[in-house]
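# Reading the structure
These are the residues of each chain, in order.
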Amino acid sequence: TNNMISKVEINLPKLKKLDIGSNMIDKVPDLANLPNLEELRLYKNSITKISDEDFKFVKATLNTIDLSFNKIVFPKAKDFFDFVDIFGKNMRKLRAIFINKNPFSMSKIYAKEYSGVFTYYCASINAIDGKTIEDSEKDQSKQINSLKDRKSTRLNSSHLLISYAVFCLKKK
């Protein structure tokens, strides 16, 4: 950490923990040569976007990701949901994600509800931004699942999660 690194190339197949926080990295490094990586810490860098493709080589092993204090944005709410949907399906062992203090997580659209979206899509997750997921949050995500199965689209769209449930219903 704190080394002003801007690009990373790593070939350490047995590495389990990688902490390259507080640097100048602007994208998630290639993780292809880190098949046993369990913990990835990329906090306080300059990462502006993330994709499920960034994590495809560590999806079976990664249990902790720290992307907090970066510059991550999602231009549209749909981009965010698409990312979390695919990410959640692939990251079966993910237990904790730190993604706070990014422009998207502090915006009006996402600030109050992004943790609920992660809770809904990432079934194995136990903590978001260092906060243990409460049973009530898990219950809320189950309610959203039942909303997606309804045929009626007359729902209050003032909340991000509800709005997305309506979007999914209309898509069918």
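Just above, that's the structure.
Residues numbered from 1 in each chain as written. Predicted model: local features only at pLDDT ≥ 70, side-chain atom pairs only at ≥ 80, totals over all residues. Heavy atoms only, no water.

### A short note on the overall build of the chain
Looking only at helices and strands, one finds five helices and six strands in the chain. For the chain, the N- to C-terminal ordering of α and β elements is β-β-β-α-β-α-α-β-β-α-α. Scored against the burial criterion, the 172 residues of the chain give a buried share of 45%. Considering only intrachain contacts with a sequence separation of at least 6, the fraction spanning at least 24 residues in the chain is 52%. (Helix = DSSP H or I, 4+ residues; strand = E, 2+ residues; numbered from the N terminus. Buried < 20%, exposed > 50% of the residue type's maximum accessible area, 1.4 Å probe, protein only. Contact = heavy atoms within 4.5 Å.)

### Quick look at the pattern of salt bridges
For the structure shown, the criterion picks out seven salt bridges. Put simply, Lys16 and Glu38 hold a salt bridge, and the shortest N to O gap is 3.4 Å. Note that Lys16 is positioned in the segment before β1 (17–19) and Glu38 in the loop between β1 and β2 (39–41), a separation of 22 residues in sequence. Overall, Lys16 belongs to the partly exposed group, its relative accessible area being 44%. Here Lys78 makes a salt bridge to Asp82, at a shortest N to O gap of 2.6 Å. Within this pair, Lys78 and its partner Asp82 are both found in helix α1 (residues 77–90), separated by four residues, close to a single helical turn. A relative accessible area of 40% places Lys78 in the partly exposed class. Judged by relative accessible area, which is 26%, Asp82 ranks as partly exposed. Among the ionic contacts, a cluster of salt bridges with common partners joins Glu39, Arg41 and Asp66. (Salt bridge = Lys/Arg side-chain N within 4 Å of Asp/Glu carboxyl O.)

### Re the packing of aromatic side chains
In total, this model carries 13 aromatic pairs according to the counting rule given. Relative to Phe118, the ring of Phe80 has its centre 6.0 Å away and its plane inclined at 70°; by these criteria the two rings are edge-to-face. Of this pair, Phe80 sits in helix α1 while Phe118 sits in helix α3 (residues 114–121), and the two are 38 residues apart along the sequence. Like Phe80, the residue Phe118 is buried in the burial classification. Between Phe104 and Tyr114, the ring centres sit 5.7 Å apart and the planes meet at 70°, which makes this aromatic pair edge-to-face. Here Tyr114 lies in helix α3 and Phe104 lies in helix α2 (residues 103–106), a separation of 10 residues in the sequence. Look at Phe104 and you get buried, because its relative accessible area is 3%. Ring pairing ties together the aromatic residues Phe55, Phe74, Phe80, Phe81, Phe83, Phe87, Phe104, Tyr110, Tyr114 and Phe118, which thus form one cluster. Sitting over the ring of Phe69, Lys44 keeps its end group 5.6 Å from the ring centre. (Phe/Tyr/Trp six-rings, centres within 6.5 Å; stacked < 30°, edge-to-face > 60°. Lys NZ or Arg CZ within 6 Å of the ring centre and 35° of its normal.)

### A look at the side chain of Asn70
Among the structural elements, Asn70 can be located in the loop between β3 (64–66) and α1. Residue class for Asn70 comes out buried when judged on its relative accessible area of 5%. For Asn70, the side chain forms a polar contact with the main-chain nitrogen of Ile47, separated by 3.0 Å. Among the polar contacts made by the side chain of Asn70, one reaches the main-chain carbonyl oxygen of Leu67 at a distance of 3.0 Å. The residues touching Asn70, leaving out its near neighbours within four places in the chain, are Leu42, Tyr43, Lys44, Asn45, Ser46, Ile47, Lys101, Asn102 and Pro103. (Polar contact = N/O pair within 3.5 Å; in protein donor to acceptor, adjacent residues only side chain to side chain.)

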